[in-house]
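Descriptive structure summary
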Amino acid sequence: MLGLPISQTAMAGVADHQDYLNGTTLALEEINAAGGVLGREIKPVIVDFDVLSPESGRVAINSLVDAKVHAMSTAFTFTPIPLADASASYKAPLLWGLTQRAMTDALVKNPEKYRHIFQTDPSEVHYGYTFPMFLQTMQDKGVWKPRNNGVHIVQEQIAYNQTISKCLQEALPKSKFELAGITDIQYPVQDWGPVIQDIKKIGAGAVMIDHWVAAEYAAFVKQYQADPLEGTLVYLQYGPSQPEFLELSGPAAEGFVWSTVLGVYADEQGKAFREKYQKRFPGIMGLCYTGNGYDTTYYLKAAWEAVGDPSKFEAVADWIRTNPYRGVCGYMSMGNAFQECAHYPDNGYDVTATELDKGMAQLFFQVQDGKHKIIYPDALQETELRAAPWW
């Protein structure tokens, strides 16, 4: 049995978690149709929880422990430690696309307690560390001519966004770019007007909107397109990955840039997955947790079959720790103290890879003609950065 804590009714996380469940469902259907694992079908056990509530997370994990699942798999939670602690005595492998260094730091400090937990993507610190590299590459290629070298951070208050902001501020002095200003926002954002006026007042060459809610990003792009700062590259942290961003934004999304450390590649393997996913789940496809749910399920299948008994939790965890897996979102390798995927490109910080086939690539997208197109890194790009409508 595969335990799946999935946010279905909460105020936050539902879109990403539905993507994750869809990707997992596709993998389960394929695996079970082909005979299952060791001659047995994988049965999903799905429990609802709130990604913002520690208690809700604990209850979800405890219910899966009571169900005696053989592993747990989920997208993320914003309160990971309580969930990790709830799983610590049971020790079934827990794999999640958490994207949070605070949790993997806790694993480094207490490896015995958390040795069964694996982060199936790089941590959020790389969003901050890699942003100046991306800007430099766009400038070097001549596809973006910045009005100046300033970077303006518009930051939300949850720990995830604060960590990204902190890491960008740490990385900027090592680049040619500099911090131009910081604007604080608080979820839910009722009106982006004051933020846009702040963007125009500060006048930076690049702006990072360090937020996470797709619907609020959609409101932002509509307001911004009506009153933009000419020539400024506007980056929206991760949230546009959710299908509702394009659905709600419409033409207003054109030209905006975003990225994810956990994205479905557009190579042969990635395109094949996209095609069968969209056949199974028609409509706008999320490009992050769809692939992560799919990859994680196949990773567990490989581990269970290698060990020969899914109930041998320690042996399964040991196998995952020592055997990488190449999925539709890139290379998953847990052989490091953080038990998290290595980030590509190498930005000089923990944990990174110098070669594409040894890490998971952070994919930068631009909305072009109503579709998400990979523009960086070069090894995976589909097209070049295009001038935004307000340039």
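One can find the structure itself at the top, above this paragraph.
This is a predicted model, so every value here is computed, not measured.

Quick notes on the side chain of Asp 210
- Assignment of secondary structure puts Asp 210 in strand E8 (residues 206–210).
- Lacking a salt bridge, the buried Asp 210 has Lys 166 as its closest oppositely charged neighbour, with an N-O distance of 13 Å.
- Here Asp 210 is in contact with Ile 153, Val 154, Gln 155, Glu 156, Asn 161, Gln 162, Ile 164, Ser 165, Tyr 217 and Gln 237, once residues within four sequence places are set aside.

A closer look at the environment of Lys 222
- Mapping Lys 222 onto the fold places it in helix H9 (residues 214–226).
- Leave out the neighbours within four places in its chain, and Lys 222 touches Leu 248, Ser 249 and Ala 252.

A few points about unusual backbone geometry
- With an omega of 5°, the peptide bond between Tyr 344 and Pro 345 qualifies as cis.
- For Pro 345, the location among the structural elements is in the loop between strand E13 (343–344) and strand E14 (360–361).
- A cis amide bond, omega 5°, links Tyr 376 with the succeeding residue Pro 377.
- Unlike most non-glycine residues, Thr 99 shows phi in positive territory, near 60°.
- Mapped onto the elements of the fold, Thr 99 is located in the loop between strand E4 (94–96) and helix H4 (101–109).
- Phi at Gln 339 takes a positive value of approximately 50°, unusual for a residue other than glycine.
- Within the secondary structure layout, Gln 339 lies in the loop between strand E12 (330–332) and E13.
- Given the relative accessible area of 6%, Gln 339 is considered buried.

Considerations on the sheet that holds strand E16 (residues 371–376)
- Strand order in this open sheet of seven strands is E7-E6-E8-E9-E10-E15-E16, and the pairing throughout is mixed. The strands lining the two open edges of the sheet, one partner per strand, are strand E7 (178–184) and E16. Taking each pair of neighbouring strands and ignoring which way they run, the sheet shows an average axis angle of 30°.
- Sheet strands in contact with helix H7 (residues 159–171) are strand E6 (150–155), E7, E8 and strand E9 (233–237), and its direction is about 165° off that of E6.

Topic: the side chain of Arg 321
- Considering the arrangement of structural elements, one finds Arg 321 in helix H13 (residues 313–322).
- Looking at Arg 321, its side chain comes within polar contact range of the side chain of Asp 318, at 2.6 Å.

Thoughts on the packing of helix H12 (residues 289–307) against H13
- At their nearest, the axes of H12 and H13 sit 9 Å apart, and the two run at 120° to each other. Taken together, the axis directions place H12 and H13 in an arrangement best described as oblique. Considering the relative orientation of H12 and H13, their crossing is right-handed. Here H12 contributes Tyr 299, Leu 300, Ala 302, Ala 303, Trp 304, Ala 306 and Val 307 to the contact with H13, which in turn contributes Ala 315, Val 316, Trp 319 and Ile 320.
- Among the residues making up the contact of H12 with H13, the classes are represented as eleven nonpolar, no polar and no charged.

The rules behind these values
Residues numbered from 1 in each chain as written. Predicted model: local features only at pLDDT ≥ 70, side-chain atom pairs only at ≥ 80, totals over all residues. Heavy atoms only, no water. Helix = DSSP H or I, 4+ residues; strand = E, 2+ residues; numbered from the N terminus. Buried < 20%, exposed > 50% of the residue type's maximum accessible area, 1.4 Å probe, protein only. Lys, Arg positive; Asp, Glu negative; His and termini not counted. Salt bridge = Lys/Arg side-chain N within 4 Å of Asp/Glu carboxyl O. Contact = heavy atoms within 4.5 Å. Pairing = 2+ DSSP bridges. Axes fitted to C-alpha atoms, helices over the stretch in contact; angles between N-to-C directions. Polar contact = N/O pair within 3.5 Å; in protein donor to acceptor, adjacent residues only side chain to side chain. Parallel < 35°, antiparallel > 145°, perpendicular 65-115°, else oblique. Left-handed = near helix turned anticlockwise from the far one by under 90°. Nonpolar A, V, L, I, M, F, W, Y, C, P; charged D, E, K, R; others polar.

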